[in-house]
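If you want the building blocks of each chain, they are given just below.
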Amino acid sequence: MLQMASHDLKNPLGVIQGYAEIMLMELQPGDDYHDFAQDISNVSQRMLDMVTQLLDVERIEASAAGTSERFVPNEILREIIASEKPKADQKKQVLLEEIDADLPEIEGDRAQLREAFANLLENAIKYTPDNGFVIIRASVDDANQRLEYAVEDTGYGIPVELQDRIFERFYRAKQPGAEHIPGTGLGLSLVKAVVKRHGGDVWFTSQVGKGSTFGFWLPLTAAH
Ligand SMILES: Nc1ncnc2c1ncn2[C@@H]1O[C@H](COP(=O)(O)OP(=O)(O)O)[C@@H](O)[C@H]1O
Ligand SMILES: [Mg+2]
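As the structure is a prediction and not an experimental result, all values here were calculated from the model.

So, how was this worked out
- Residues numbered from 1 in each chain as written.
- Chains lettered and ligands numbered in written order.
- Predicted model: local features only at pLDDT ≥ 70, side-chain atom pairs only at ≥ 80, totals over all residues.
- Heavy atoms only, no water.
- Helix = DSSP H or I, 4+ residues; strand = E, 2+ residues; numbered from the N terminus.
- Rg over C-alpha atoms; globule rule 2.2 N^0.38 Å.
- Buried < 20%, exposed > 50% of the residue type's maximum accessible area, 1.4 Å probe, protein only.
- Contact = heavy atoms within 4.5 Å.
- Areas by Shrake-Rupley, 256 points an atom, 1.4 Å probe, with all protein chains shown as cover.
- Lys, Arg positive; Asp, Glu negative; His and termini not counted.
- Charge placed at Lys NZ, Arg CZ, Asp CG, Glu CD.
- Salt bridge = Lys/Arg side-chain N within 4 Å of Asp/Glu carboxyl O.
- Axes fitted to C-alpha atoms, helices over the stretch in contact; angles between N-to-C directions.
- Parallel < 35°, antiparallel > 145°, perpendicular 65-115°, else oblique.
- Left-handed = near helix turned anticlockwise from the far one by under 90°.
- Nonpolar A, V, L, I, M, F, W, Y, C, P; charged D, E, K, R; others polar.
- Near = heavy atom within 4 Å.
- Polar contact = N/O pair within 3.5 Å; in protein donor to acceptor, adjacent residues only side chain to side chain.
- 1 Å grid on protein atoms, 1.4 Å probe; cavity = no way out; pocket = protein on both sides within 12 Å on 5 of 7 lines; lining within 4 Å.
- Sits in = over half its atoms within 2 Å of the grid points.

(A) Spatial organisation of the overall build of the chain. Across its full length, the chain carries five helices and seven strands. The order of helices and strands in the chain, counted from the N terminus, is α-α-β-α-β-β-α-β-β-α-β-β. For a compact globule of 224 residues, the expected C-alpha radius of gyration is about 17 Å, and the chain comes in at 19 Å, within 12% of that figure. Considering only C-alpha atoms, the chain reaches an extent of 65 × 40 × 35 Å along its principal axes. Going through the 224 residues of the chain one by one, you find that 43% of them count as buried. Partitioning the contacts of the chain with sequence separation of at least 6, the portion at a separation of at least 24 is 71%. In the form shown here, the chain has an accessible surface area of approximately 12000 Å², with 54% of it arising from carbon and sulfur atoms. Of the side chains in the chain, 22 bear a positive and 36 a negative charge, and the two mean positions are spaced by 3 Å.

Below is the structure:
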């Protein structure tokens, strides 16, 4: 149901967003109508992002296991760090890597898992103010045959009374300091769906004003 509605919303939203962009090119900054067009462009882009993410979550929850391959996570981690680093740089954040050089193979849908790894890093950067620290960790837990992944930040943190709901679809804590940060509230529900589907689990700890650590583990392939 949601999926059908989302598909139907995608095209009209794309049209609105596209024309707003064209209007922006024709209008001068400072002009009232320029600002209106900018607002239309921003909000329609946000709705498009929401619809796209919602379709992703729905697809992952509804599909069978997706494609499955074996791979070492190092490459994915390099890719997501490369793509997120500019945002951290822009906020003058220090991005530290504590990643084992030769992580063993995991098995699953590479694209889905990439999203899961990326989402935690994206959130850490997003919910940490300028000049903060973000640490990305990946290691092996040999005893339990697990890949352990975690992203720690020195960000806004999440008030205890809001922590129960953050994996729910569309839920956004809007904690003090973070009220104006845009988002869909779908990222963590996607992470959870993907990780669960691959036989792992998600966790987090968070303290207001101090920061948060979000992580998950995934089973290693039997061959390890
Ligand atoms: N690293 C983090 N630090 C503080 N709050 C976070 C962090 N990650 C997630 N959150 C909170 O959890 C909510 C849900 O996260 P998510 O599902 O990724 O949605 P979005 O980022 O689009 O808001 C966020 O709106 C935010 O309030
Ligand atoms: Mg997010």
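The rest of the description comes next.
(B) Main features of the pattern of salt bridges. This structure, assessed with the given rule, holds 11 salt bridges. Notably, a salt bridge pairs Glu84 with Lys87, separated by 2.9 Å at the nearest N-O pair. In this pair, Glu84 and Lys87 are both assigned in helix 3 (residues 74-90), three residues apart and thus about one turn of the helix distant. Exposure remark for Glu84: the relative accessible area of 6% places this residue in the buried category. Given a relative accessible area of 37%, Lys87 falls into the partly exposed group. Between Lys85 and Asp89 there is a salt bridge, with its nearest N and O atoms 2.9 Å apart. Here Lys85 and its partner Asp89 are both found in helix 3, four residues apart, which amounts to about one turn of the helix. Assessed through its relative accessible area of 34%, Lys85 is described here as partly exposed. Several salt bridges share partner residues, and in doing so they unite Arg70, Glu105 and Glu107 into one network.

(C) How the structure looks around the packing of helix 4 (residues 110-126) against helix 5 (residues 187-197). Taken N-terminus to C-terminus, the directions of helix 4 and helix 5 make an angle of 140°; their axes are 9 Å apart at the nearest point. In terms of orientation, helix 4 and helix 5 fall into the oblique class. As helix 4 runs across helix 5, the sense of the crossing is left-handed. Along its contact with helix 4, which presents Gln112, Leu113, Glu115, Ala116, Asn119, Leu120 and Asn123, the element helix 5 presents Gly187, Leu188, Leu190, Val191, Val194, Val195 and Arg197. Looking at the contact of helix 4 with helix 5, its residues break down into eight nonpolar, four polar and two charged.

(D) Region of interest: the site of ligand 1. Taken together, 20 residues are adjacent to ligand 1, and Tyr127, Arg172, Thr184, Gly185 and Leu188 come closest. For ligand 1, an oxygen atom lies 2.9 Å from a polar atom in the side chain of Asn123. At 2.8 Å from an oxygen atom of ligand 1 is found a main-chain nitrogen or oxygen belonging to Leu188. Relative to its unbound accessible area of 530 Å², ligand 1 is 98% covered by the protein chains. Taking a 2 Å distance to the grid points as the criterion, the majority of the atoms of ligand 1 fall inside the largest pocket. Among the elements of the structure, helix 4, helix 5 and strand 7 (211-219) are those that each provide at least two residues to the shell around ligand 1. The biggest single contributor to the shell around ligand 1 is helix 4, with three residues. Classifying every residue of the shell around ligand 1 by side-chain character gives nine nonpolar, seven polar and four charged.

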